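Residues per chain, in single letters:
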Amino acid sequence: NQARVVFARFLPTMYADKVVAPTPADLAPFVQAHEKEIKDYYEANRFVYQQPERVHARQVLLKLPPNATAEQKSAATARAQALRAEIEGGKDFAAVASASSEDPGTKANGGDLGWVERGNWEPALADAAFGLEAGKVTQPVETKYGIHLVKVEEKKPAQEKTLEQVRDEIATTLYKKDKAQALARAEADKALAQVKAGKGLAELFPAEKDGQPALLRFETETRPEAVQTDTFTAASASVPHLGPAPDLFTAVFATKSPGLLPQAYPVGEGFVVGQVTERQLPDDTKFAEKKTELRQQAQQAF
């Protein structure tokens with residue numbers, strides 16, 4: 001009991017750029033009708049709206065071995081003090097980091113660490129850096145990695161935006177997502193009508209690159225493309241290249257022969273139009289003929 005299918009996906013992300021931002025008049029009724037969804041979105045993405053204190057920092061790191069002696073630590077600290085004196089004397093911190101830092105991940109970028117939260121650092125280094133004003137450089141700080149000098153380029157205080165503060169922002173995101181999903185559904189229905197009129201999915205939605213759709217190249221899909229599956233059975237858990245798609249899967253094995261599936265099926269946030277290209281029904285006679293061969297294969301597998 002097996003089948004092969006060709007399908008095309010219609011994803012909201014393919015049509016997002018066609019959605020116009022809502023006006024206040026559009027947004028007000030949407031907010032009222034989707035209060036729960038807005039709150040759920042806020043709770044699921046609370047980390048975006050509640051950010052701890054952060055600093056944009058650069059560092060010079062002078063490495064120490066795990067079993068460094070007191071003399072090695074003293075020498076590295078003295079070297080760090082000398083580099084700090086050069087910086088305090090007017091030398092650019094980024095230039096010093098590029099020339100002298102031993103951190104391979106940041107050396108080429110002038111020691112740039114980007115935005116850092118307090119919890120990303122060991123307490124001693126975090127306390128030293130977060131206690132500075134923007135533009136200042138720490139004294140040498142020892143961690144398990146070595147001796148650090150850190151310059152704080154910018155500081156951002158902790159942020160905690162309430163649901164009320166971001167309600168319209170979230171509503172706009174959900175509004176545009178809903179509209180994009182509606183466009184995806186409309187395009188899927190349009191494709192279904194075209195196939196019913198005699199077009200083929202592969203003809204309507206050819207692969208753009210070397211006959212291979214983006215989905216099989218593990219690239220982002222920017223438009224619907226026809227994808228041919230391998231053979232799969234009714235005992236499978238999903239559709240090849242598509243994954244779990246219960247409604248579509250049921251429809252495939254409800255068919256008795258190749259042909260267009262009767263509707264666009266929701267799969268994830270998008271919709272799928274499919275055609276069964278091969279269909280083999282279970283056959284007791286063929287099973288009886290192959291029973292011995294199948295038993296041997298099963299025994300060999302164990």
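Let me begin by describing the structure that accompanies this report. Keep in mind the model is a prediction, meaning the values are calculated, not measured. (Residues numbered from 1 in each chain as written. Predicted model: local features only at pLDDT ≥ 70, side-chain atom pairs only at ≥ 80, totals over all residues. Heavy atoms only, no water.)

**Considerations on the sheet that holds strand β4 (residues 112-117)**
Strand order in the open sheet formed by four strands is β4-β3-β6-β5, with antiparallel pairing between adjacent strands. At either end of the open sheet lies a strand with only one pairing partner, and these are β4 and β5 (141-143). Taken pair by pair, the neighbouring strands of this sheet meet at an average axis angle of 45°, ignoring direction. Bridge analysis of strand β3 (residues 54-63) against strand β6 (residues 146-156) gives 10 bridges, and the strand direction is antiparallel. The residue bridging Val55 from the neighbouring strand is Lys155, located in β6. In the packing of helix α4 (residues 70-88) onto the sheet, the strands contacted are β3, β5 and β6, and the crossing angle to β6 comes to about 40°. Each of β3, β4, β5 and β6 is contacted by helix α6 (residues 123-130), which is oriented at about 40° to β6, the strand it contacts most. (Pairing = 2+ DSSP bridges. Helix = DSSP H or I, 4+ residues; strand = E, 2+ residues; numbered from the N terminus. Axes fitted to C-alpha atoms, helices over the stretch in contact; angles between N-to-C directions. Contact = heavy atoms within 4.5 Å.)

**Some points on the packing of aromatic side chains**
One pass over the structure, following the stated rule, counts seven aromatic pairs. Ring geometry for Phe10 against Phe205: centres 5.4 Å apart, planes inclined by 85°, an arrangement best described as edge-to-face. Highlighted residues: Phe10 in strand β1 (residues 2-10) and Phe205 in the loop between α8 (201-204) and β8 (227-228), separated in sequence by 195 residues. Summarising the burial analysis for this pair, Phe10 and Phe205 share the class buried. Arranged with centres 5.5 Å apart and planes meeting at 75°, the rings of Phe30 and Tyr175 form a pair that is edge-to-face. Taken together, the residues span a long stretch of sequence, with Phe30 in helix α1 (residues 24-33) and Tyr175 in helix α7 (residues 163-196) at a distance of 145 residues. An aromatic cluster is present here, built from Phe232, Phe249 and Phe253 joined pairwise through their rings. The residue whose ring lies beneath Arg54 is Trp115, and the NZ or CZ to ring-centre distance is 5.4 Å. (Phe/Tyr/Trp six-rings, centres within 6.5 Å; stacked < 30°, edge-to-face > 60°. Buried < 20%, exposed > 50% of the residue type's maximum accessible area, 1.4 Å probe, protein only. Lys NZ or Arg CZ within 6 Å of the ring centre and 35° of its normal.)

**Digging into the side chain of Ser101**
Along the chain, Ser101 turns up in the loop between α5 (93-100) and β4. The residues touching Ser101, leaving out its near neighbours within four places in the chain, are Gln59, Val60, Leu61, Val96 and Lys107.

**Quick look at the nonpolar core**
Phe7, Phe232, Val239, Leu242, Leu248, Val252 and Leu261 are the most contacted members of the largest nonpolar core, which totals 19 residues. For this core, the secondary-structure elements that each account for two or more residues are β1, α9 (246-254), β11 (265-267) and β12 (270-280). Sorting elements by how many residues they give to this core places α9 first, with five residues. With 17 residues, the next largest nonpolar core counts Leu11, Ala191, Phe205 and Ala226 among its residues. (Core = buried A, V, L, I, M, F, W, Y, C linked by side-chain atoms within 4.5 Å.)

Interpretation note: all reported values are geometric properties and have no functional meaning in isolation.
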